[in-house]
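# Breakdown of the fold
Letter by letter, the chains look like this.
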Amino acid sequence: MYTLPAAGSISFRLTTGPKREMIGDGPAGMANTYEYIVNRSHDFITLVNRDYVYEIFNDTYCQIVGLDRAKVLNHSVAEIWGKETFDDRLKGYLDRCFAGEEVHYVERFRFGLEQRYMHVSYYPYGEPGDVTHALVFSHDITRLGETETRLINYEYRDPLTGLYNRKSLEIILDSELEKARRSRAERNRAVLFLGVENLTEIHRIYGHSIGGVLLENTGLRVKELLRSSDYVFRYEGNELAAILTSLTRPVDVAKVADKLIESTTTPYRYKDLDITLDCRIGAAVFPADGQDRESLVASARSALNETTRQGKGYLLYDGRLHEEAIRRLQMENDLRHAFEQEQFELYYQPIVEPAGRIVGAEALIRWNRPEEGVLPPVEFIPLATETGIIRLIGRWALFSAARRLAEWGARHAIYLSVNLTAREFESPELIEVIRKALDQAGLRDGISLKVEITESECMANPVQAIERIKAIRDLGVEVFIDDFGTGQSSLGYLKDLPVDAFKIDRTFAQGLLDDPADLHFLQTIIDLVKSRRRKVIVEGVSSPQQVAVLRTMDCDAFQGFYYSQPLSAAAFLSCLERGGRLPA
């Protein structure tokens, strides 16, 4: 550890006053030789205290950051470099230094319009046993001589493939894990090891030069599939490695691995022969599968070794995570084929007036997935929304509901309501899709078709939501607000919403018998909605006691298991044919 100078000894006084004049090339007029030497150094030298404030720095540092001494002295690192850079990149290194650790790393920094690679060293500074400052030396390694550049490439790159090598992986992975530890939003990182199982056999049959070319091209295939922020390495022998730096969820690693296997096992054409590489991938995710470089690499390689034993194309180290990822991939694939195999079906939950007569139904999608039976929306709609398949599902639901109305409307005066997700509601195609659904079903007006949107979807962009609702109503289609009362809508906002009915969330019905305050709150909401001449539908009605209370509260309709669970089309039609009154 660097120690503070003893009393009376020569010390730096680089920032204690105005910049001194220099005479010629010598230290004439300067307080001491050391100050002159430090100021003339091409390296950037700073001294930062535990409050992350600059106390000492040399002229070179002022020049590179483009600031006068007065704008650096006694200012914080966050002020000079920006809070985001300080929090995400610099604070962690300073804290390690204040804890007594020497820190060395290479990183790219932006200085104005330039980007430079710097070798940065942090040294603990202060009295023995008491670190008071961090002494920071930064050396610009951007402009190296041609020979030095070759040496750097030889040291950090694999000569066969041109990819980063094992030593580079160790440096970059350490840096990425440090960034992940400091980041609140982007903590996930992943390491993938790709092994070419039959590379030895290819060397034997076709020669090492062909094997080298295939390995190099495999590295290029991997790079093409990954993001520009990710890294690809030749680790050793028949193994490539990759670091994924931007993961929304750990399970997304499986999707990347699946695409990599598909790409890297595509045959190469050589002299009228197809050469297929037997590639397998093992993956590990930070922080779940390892807290540091050594454990994370060990976990990924362990998963790679396990692929051979299990005969898998890829494996994630965490078995639970792997199964979840496989399930998501399989479900996504099955969702894409569900339309052509006609596996989707609409169920209908009756909506009844207070006297018990069915006035309509909410159309609820179900998926008849082979070997699993009928799945409710909560099992697959989130994934469908994430992957964009919801666009097709929503369109199918609208067209199917419109056809049912055309089929049943001649004998039964009912309406059907269809739920719209946020993505569907915001889609510029929505109005045209609804219009086509009405036209194809032969519905002369849309009064019997309703759409439901949630309160939160309206609040995302109130002005745009109002315009979209007006456009839907211009088609003759009424709009219901679903799950009302659970969002953050202000009561003042309610009066401007051009909707036809509010469906009060089920939580209000569940609590109205137990808590007088809940009952009073529900009555307030109903009175407010009715004062705006809107209809009120209460969801989640599950008992005759709830019905008795709700009948006194000026509600227009009820929906819930007391009356009926969601029914298949045949069962719902049978219910209508029996007189359309519930409970049965």
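Position labels on residues start from 1 in each chain and follow its written sequence. Confidence filtering applies because this is a predicted model: local features only for residues at pLDDT of at least 70, side-chain atom pairs given and counted only at 80 or more, and all residues used for totals across whole chains, interfaces and linings. Side-chain measures were taken over the full set of non-hydrogen atoms in the model, leaving aside hydrogen atoms and water.

## Details of the pattern of salt bridges
Salt bridges are identified by distance alone: a Lys or Arg side-chain nitrogen within 4 Å of an Asp or Glu carboxyl oxygen. Overall, the coordinates contain 38 salt bridges when judged by the stated rule. The partner of Asp 174 in a salt bridge is Arg 293, with the nearest N and O atoms 3.1 Å apart. In this pair, Asp 174 sits in helix H6 (residues 166–182) while Arg 293 sits in helix H10 (residues 293–310), placing the two residues 119 residues apart along the sequence. The partly exposed category is assigned to Asp 174, whose relative accessible area is 35%. The salt bridge partner of Arg 269 is Asp 274, with a shortest N-O separation of 2.9 Å. By relative accessible area, which is 57% here, Arg 269 ends up exposed. Helix and strand definitions follow DSSP, with helices as H or I runs of at least four residues and strands as E runs of at least two, each counted in order from the N terminus. Exposure categories follow from relative accessible area, calculated using a 1.4 Å probe and restricted to protein chains: below 20% of the type maximum is buried, above 50% is exposed, and the middle band is partly exposed.

## Structural notes on the pairing of strand S8 (residues 239–244)
With respect to burial, S8 is a largely interior element, 6 of its 6 residues being buried. Here S8 shows two buried faces, one formed by Glu 239, Ala 241 and Ile 243 and the other by Leu 240, Ala 242 and Leu 244. Strand direction decides the pairing type here: strand S6 (residues 189–196) and S8, joined by 6 bridges, are antiparallel. When the bridges of S8 are listed, Val 191 appears paired with Ile 243. Between any two strands, at least two bridges found by DSSP are needed for them to pair. Bridge count between strand S7 (residues 231–236) and S8: 5 bridges; the pairing is antiparallel. Within S8, the residue paired with Tyr 231 across the bridge is Ile 243. Hairpin geometry of S7 and S8 is characterised by an intervening segment of 2 residues between the two adjacent antiparallel strands and by a positive phi of about 50° at Gly 237.

## Section: the sheet that holds strand S12 (residues 314–316)
Here 5 strands make up an open sheet; going across it, the order is S7-S8-S6-S11-S12 and the pairing mixed. The two strands at the open ends of the sheet, each matched to only one other strand, are S7 and S12. When strand polarity is set aside, the average angle formed by the axes of neighbouring strands in this sheet is 20°. Between two residues, a contact is recorded if the distance between any of their heavy atoms is within 4.5 Å. Between N-to-C directions, angles cover 0 to 180 degrees, with each direction set by a line fitted to C-alpha atoms, over the stretch in contact for helices. Its contacts with the sheet put H6 on S6, S7, S8 and strand S11 (279–286), and the angle it makes with S7 is roughly 135°. The sheet contacts of helix H8 (residues 208–225) involve S6, S7 and S8, and relative to S7 the element is tilted by about 150°.

## Some points on the pairing of strand S3 (residues 103–111)
A one-sided burial pattern is seen for S3, the buried positions being Val 103, Tyr 105, Glu 107, Phe 109 and Phe 111 and the unburied ones His 104, Val 106, Arg 108 and Arg 110. Note: S3 against strand S4 (residues 114–127), 9 bridges, orientation antiparallel. By the bridge assignment for S4, Arg 108 is matched with Tyr 117. If you look at the hairpin formed by S3 and S4, you'll find 2 residues sitting between the two strands, and Gly 112 has a positive phi there, around 65°.

## Concerning the side chain of Asn 58
Considering the arrangement of structural elements, one finds Asn 58 in the loop between strand S2 (54–57) and helix H2 (59–65). For Asn 58, a relative accessible area of 0% corresponds to the buried category.

## Some thoughts on the packing of aromatic side chains
Pairing of aromatic side chains requires ring centres within 6.5 Å, counting the rings of Phe and Tyr and the six-membered ring of Trp. Pairs whose planes differ by under 30 degrees are stacked, by over 60 edge-to-face, and all others tilted. The final tally for this structure, using the stated rule, is 25 aromatic pairs. Relative to Trp 396, the ring of Phe 344 has its centre 6.0 Å away and its plane inclined at 45°; by these criteria the two rings are tilted. With Phe 344 in strand S13 (residues 344–352) and Trp 396 in helix H13 (residues 390–408), the pair connects residues that are 52 residues apart, well separated along the chain. Centroid distance Phe 558 to Tyr 563: 6.4 Å. Interplanar angle 20°. Geometry classified as stacked. Each member of the pair, Phe 558 as well as Tyr 563, is classed as buried.

## Topic: H6
For a helix, the expected span equals 1.5 Å multiplied by the residue count minus one. Its 17 residues give H6 an end-to-end C-alpha distance of 25 Å, which sits within 8% of 24 Å, the value for a rise of 1.5 Å per residue. Along H6, the residues classified as buried are Ser 168, Leu 169, Ile 172, Leu 173, Ser 175, Glu 176, Leu 177, Glu 178, Ala 180 and Arg 182. For H6, the N-terminal capping position is held by Asn 165, with its side-chain oxygen 3.2 Å away from the main-chain nitrogen of Lys 167. Polar contact is the term for a pair of N or O atoms within 3.5 Å; when the atoms are in protein, one must be able to donate a hydrogen and the other to accept it, and sequence-neighboring residues count only if both atoms are side-chain atoms.

## Description of the side chain of Glu 239
Within the secondary structure, Glu 239 is located in strand S8. A distance of 3.0 Å separates the side chain of Glu 239 from the side chain of Arg 301, its partner in a polar contact. Not counting the four nearest positions on each side in its chain, Glu 239 is found in contact with Phe 193, Leu 194, Gly 195, Arg 234, Arg 301 and Leu 304.

## Some points on the confidence of the model for the protein
Every residue carries a pLDDT, the predictor's confidence in it, which falls somewhere between 0 and 100. Confidence along the protein averages 85 in pLDDT terms, with 90% of residues attaining 70 or more. Segment residues 3–30: pLDDT under 50, and 52 contacts once partners within four positions in sequence are set aside and those in other chains are kept.

## Topic: H13
Helix length check: H13 (19 residues) gives 26 Å between terminal C-alpha atoms against 27 Å at 1.5 Å per residue, within 8%. Residues Ile 390, Ile 393, Gly 394, Ala 397, Leu 398, Phe 399, Ser 400, Ala 401, Ala 402, Leu 405 and Trp 408 constitute the buried set of H13.

## Comments concerning the sheet that holds S4
One open sheet accounts for 5 strands, arranged S2-S1-S5-S4-S3; its pairing is antiparallel. If you trace the sheet from one side to the other, it starts and ends with S2 and S3, each paired once. Geometrically, the sheet is characterised by an average inter-axis angle of 30° between neighbouring strands, direction not taken into account. Two strands pair when backbone bridges link them, and S4 and strand S5 (residues 130–140) are joined in this way by 10 bridges, in the antiparallel orientation. Bridge pairing links Ser 121 to Phe 137 in S5. Sheet strands in contact with helix H4 (residues 83–98) are strand S1 (44–49), S3, S4 and S5, and its direction is about 150° off that of S3.

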